[in-house]
Amino acid sequence: MKYRVISHSPAFTAQEVAEAAHVPGRVIAKVVIMTLDGQMAMIVVPAPKMLHSDSLARSLSAQEVTFLHEHDFREKFPDCEVGALPPFGNLYEMPVYIDTELARQEEIVFSAGVTVNCSACP
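1. Thoughts on the overall build of the chain
Link 1 in the chain: The number of helices and strands found in the chain is four helices and four strands.
Link 2 in the chain: A buried classification covers 35% of the 122 residues belonging to the chain.
Link 3 in the chain: For the chain, the proportion of contacts with a sequence separation of at least 24, taken over those separated by at least 6, is 56%.

This is how it looks when you write it as structure tokens:
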């Protein structure tokens, strides 16, 4: 598996990261933390995609779907910067659901869990 680091100016949303990194939003893996029938789960979708709890519940056969705010799950990811969650729920004993559109991409771009201060880069 090959990877490369893409440095970019500060960005706060997945779509802003796509713009700052000069990559299409469809290849940026946006991580959204939700509860599905009371169980915390990681939903991974392309940056421009909007999630709707009703359609997500139907597609995942869940009765109750709830979006979580960062303060609701922050302690679950102690080694990650807020807003920089990698799409690897298995590392945190959390189920992961990946959008089929994102799964079809030859390459994806995602946060590695940390924000690097570029002024410290060689």
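2. With respect to empty space enclosed by the protein
Link 1 in the chain: All told, the structure shown has one cavity of 30 Å³ or more when counted by the stated rule.
Link 2 in the chain: Its volume calculated, the largest cavity comes out at about 40 Å³.
Link 3 in the chain: Looking at side-chain class alone, the lining of the largest cavity contains four nonpolar, one polar and three charged residues.

3. Points about the environment of Pro87
Link 1 in the chain: The topology assignment puts Pro87 in the loop between helix H3 (70–73) and strand E4 (96–98).
Link 2 in the chain: Residue Pro87 is classed as buried on the basis of its relative accessible area, which comes to 8%.
Link 3 in the chain: Sequence-wise, Pro87 and Ile98 are 11 residues apart; in three dimensions their C-alpha atoms are separated by 8.7 Å.
Link 4 in the chain: For Pro87, the contacting residues outside a window of four places in its chain are Ala29, Val31, Met42, Val44, Val96, Phe110 and Ser111.

4. Brief notes about unusual backbone geometry
Link 1 in the chain: Non-glycine residue Ser61 carries a positive phi angle of around 55 degrees.
Link 2 in the chain: As for its placement among the helices and strands, Ser61 is situated in the loop between helix H2 (53–59) and strand E3 (65–67).
Link 3 in the chain: Ser61 sits in the exposed class, given a relative accessible area of 64%.
Link 4 in the chain: Even without a glycine there, the phi angle at Glu93 is positive, about 50 degrees.
Link 5 in the chain: By the secondary structure assignment, Glu93 is in the loop between H3 and E4.

Cut-offs and rules
Residues numbered from 1 in each chain as written. Predicted model: local features only at pLDDT ≥ 70, side-chain atom pairs only at ≥ 80, totals over all residues. Heavy atoms only, no water. Helix = DSSP H or I, 4+ residues; strand = E, 2+ residues; numbered from the N terminus. Buried < 20%, exposed > 50% of the residue type's maximum accessible area, 1.4 Å probe, protein only. Contact = heavy atoms within 4.5 Å. 1 Å grid on protein atoms, 1.4 Å probe; cavity = no way out; pocket = protein on both sides within 12 Å on 5 of 7 lines; lining within 4 Å. Points joined across faces, edges and corners; volume = space filled by probe spheres on them. Nonpolar A, V, L, I, M, F, W, Y, C, P; charged D, E, K, R; others polar.

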